[in-house]
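# Observations on the model geometry
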Amino acid sequence: MVSKTLTINNAEGLHMRPAGVVAKEMGKFACEVTIVFGDKRINAKSLINIISACIKCGAEVTFECDGADEEAAMAKIEELISQNFGE
């Protein structure tokens, strides 16, 4: 398993569009991808779960990837965050 704590920097946080980008991209990987936010553990492949977590701009979240392609999944998460999910 690999994990990394990252800061969400896009202005609106993980609202509908960036949450959809995360869920779509993480769905391409075989490994389990979990977002840890406060005391919540969120399936990063579920749009509804991500939106319901109410992750705002400036929030620090930990992404955990566990499985065969965990390194590739983590690299994709870092890329998405560094590009503000394309916004």
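What counts as what
Residues numbered from 1 in each chain as written. Predicted model: local features only at pLDDT ≥ 70, side-chain atom pairs only at ≥ 80, totals over all residues. Heavy atoms only, no water. Helix = DSSP H or I, 4+ residues; strand = E, 2+ residues; numbered from the N terminus. Rg over C-alpha atoms; globule rule 2.2 N^0.38 Å. Buried < 20%, exposed > 50% of the residue type's maximum accessible area, 1.4 Å probe, protein only. Contact = heavy atoms within 4.5 Å. Disulfide = S-S within 2.5 Å.

### Things to note about the overall build of the chain
- A tally of helices and strands in the chain yields three helices and four strands.
- Order of helices (α) and strands (β) in the chain, N terminus to C terminus: β-α-β-β-α-β-α.
- The C-alpha radius of gyration of the chain comes to 11 Å, within 12% of the 12 Å expected for a compact globule of 87 residues.
- Counting only C-alpha atoms, the chain reaches 35 × 25 × 20 Å along its principal axes.
- The buried share of the chain, reckoned over its 87 residues, is 44%.
- Counting contacts in the chain only where the partners sit at least 6 residues apart, residues at least 24 apart contribute 70% of the total.

### Points about the state of the cysteines
- Here the structure, examined in full by the defined rule, presents zero disulfides.
- Cysteine Cys54 is unpaired, with the sulfur of Cys57 as its nearest cysteine sulfur at 15 Å.

### Some points on unusual backbone geometry
- A positive phi angle is found at Cys54, which is not glycine, with a value near 55°.
- By relative accessible area, Cys54 is classed as partly exposed at 47%.
- The phi dihedral of Asn84 falls on the positive side, at around 50°, and the residue is not glycine.
- Note on placement: Asn84 falls in the segment after α3 (70-82).
- On the basis of relative accessibility, which here comes to 26%, the residue Asn84 falls in the partly exposed class.

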